[in-house]
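Summary of the model geometry
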Amino acid sequence: MGKPNTGRRLSAGERSVQLMDVALELFIDKGYDGTSMESVARAAGVTKPVIYTYFRSKEELYTDVLKRQQDLFTRARQDEVGDGFFTTDPEMTVRRVFEALFRGAAEEPGLHRFLYGEYRGAPRSFAEQQEAWRITHLERMATFFESFFVQLEADDRKAAGHAVAISMSSVGRYGIRMVMENPGRHDPDRLAEILAITVVRGIPGLQLIEGGGSTLGPASALAQETQGATSMASERA
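Rules used in this analysis
Residues numbered from 1 in each chain as written. Predicted model: local features only at pLDDT ≥ 70, side-chain atom pairs only at ≥ 80, totals over all residues. Heavy atoms only, no water. Helix = DSSP H or I, 4+ residues; strand = E, 2+ residues; numbered from the N terminus. Contact = heavy atoms within 4.5 Å. Areas by Shrake-Rupley, 256 points an atom, 1.4 Å probe, with all protein chains shown as cover. Phe/Tyr/Trp six-rings, centres within 6.5 Å; stacked < 30°, edge-to-face > 60°. Buried < 20%, exposed > 50% of the residue type's maximum accessible area, 1.4 Å probe, protein only. Salt bridge = Lys/Arg side-chain N within 4 Å of Asp/Glu carboxyl O. Expected span 1.5 Å × (residues − 1). Polar contact = N/O pair within 3.5 Å; in protein donor to acceptor, adjacent residues only side chain to side chain. Core = buried A, V, L, I, M, F, W, Y, C linked by side-chain atoms within 4.5 Å. Axes fitted to C-alpha atoms, helices over the stretch in contact; angles between N-to-C directions. Left-handed = near helix turned anticlockwise from the far one by under 90°. Nonpolar A, V, L, I, M, F, W, Y, C, P; charged D, E, K, R; others polar. pLDDT = per-residue confidence, 0-100.

**Overview of the overall build of the chain**
A tally of regular secondary structure across the chain gives eleven helices and zero strands. The order of helices and strands in the chain, counted from the N terminus, is α-α-α-α-α-α-α-α-α-α-α. Across the chain, every contact between residues at least 6 apart in sequence was considered, and the portion connecting residues at least 24 apart equals 65%. Summed over all atoms, the accessible surface of the chain reaches about 12,400 Å², with 50% contributed by carbon and sulfur.

Okay, structure coming up:
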């Protein structure tokens, strides 16, 4: 866990990274309430005063770790999606974003629970930090979707772009939860395809999907699977 203590004195930067690495593993494994500064110190091979030299409280440590992982997560997903993140095809763009998200959730469910705040006892400041992170991504996607509504007046175009982006955000979080709560049941890429169609084409698009060869089953089952996602999107909108 973290960087082992080799006897070499770490620089301030190296020590800070080590402490955050150790804390991340503990937060994922034990949650916020189950992790103490003492347990972080013990796992890192240092004393508690050393930790307080870098982080004034457990809440500050938690939020700093969260911010670092959010930044790393965002860069990793963008790299996975590639230079063609924004395509001229809105459905393909949504699908590629979902593929990256759902693959990540399948590979590292603990990290995604940490990033999406599914641990009880997380500090109050987390909610604000998480909301700011979500809004940053939502605004980026809203601007992208506005480009498909050039026939509308500016205010209507902005409203339409945000409506699609909010739907995508809600459906995406629903998909991440499906992957994490049902390991091995859903193929991330197939789920990304289904939910991208849900966001962009809605019920008519889902009715055109053929069943068979999918862990999600025929179209009627797909509609049931995605009903919760569309309901969440409507509530947020």
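**Considering the packing of aromatic side chains**
Enumeration according to the criterion identifies nine aromatic pairs in this entry. Ring geometry for F27 against Y62: centres 4.8 Å apart, planes inclined by 80°, an arrangement best described as edge-to-face. Of the two residues, F27 is situated in helix α1 (residues 12–30) and Y62 in helix α4 (residues 58–81); the sequence distance between them amounts to 35 residues. The two residues F27 and Y62 agree in class, both being buried. Taken together, a centroid distance of 5.3 Å and an interplanar angle of 80° make the contact between F144 and F148 edge-to-face. In this structure F144 comes out as buried when scored by relative accessible area, which is 10%. Residue F148 is classed as partly exposed on the basis of its relative accessible area of 29%.

**Some points on the pattern of salt bridges**
Side chains that carry opposite charge are capable of pairing whenever their charged atoms lie near each other. All chains considered together, the criterion is met by eleven salt bridges. Measuring nitrogen to oxygen at the nearest pair gives 2.9 Å for the salt bridge that ties R68 to D21. Of this pair, R68 sits in helix α4 while D21 sits in helix α1, and the two are 47 residues apart along the sequence. Among the ionic pairs, R42 bridges to E38, the shortest N-O distance being 3.7 Å. Of this pair, R42 and E38 both sit in helix α2 (residues 37–44), four residues apart, roughly one helical turn. In this structure, a network of salt bridges that share partners links the residues R95, E99, R103 and D189.

**Let's talk about helix α5 (residues 90–107)**
For α5, with 18 residues, the first-to-last C-alpha span of 26 Å sits near the 26 Å given by 1.5 Å per residue. If you check the start of α5, you find a side-chain oxygen 3.0 Å away from the backbone N of E91, and it comes from D89.

**So, the nonpolar core**
In this structure, I51, L61, F98, L101, F102, F114 and M168 are the most contacted members of the largest nonpolar core, which totals 55 residues. With nine residues, helix α8 (residues 154–181) is the single largest residue contributor to this core. With residues near it in sequence (within four places) discarded, L61 still touches M20, A23, F27, M37, V40 and F55.

**Overview of the packing of α1 against α2**
Angle between the axes and distance between the axes: these two values describe a pair of packed helices. Two elements in contact, α1 and α2, have axes whose closest approach is 9 Å; the angle formed by their N-to-C orientations is 115°. Crossing hand, α1 versus α2: right-handed. Packed against α1, whose contacting residues are R15, Q18, L19, V22, A23 and L26, the element α2 presents S39, V40, A43 and A44 at the interface. Classifying every residue of the contact of α1 with α2 by side-chain character gives seven nonpolar, two polar and one charged.

**Re the confidence of the model for the chain**
Mean pLDDT over the chain works out to 80, with 76% of the residues at or above the 70 mark. The least confident element of the chain is helix α11 (residues 219–236), whose mean pLDDT is 44; the most confident is α2, at 95. Every residue in residues 212–237 scores below 50 in pLDDT, and together they form 44 contacts with partners more than four places removed in sequence or on other chains.

**Quick notes on the environment of T88**
With respect to the element layout, T88 can be found in the loop between α4 and α5. When the C-alpha atoms of T88 and F148 are compared, they prove to be 8.8 Å apart, with 60 residues separating the residues in sequence.

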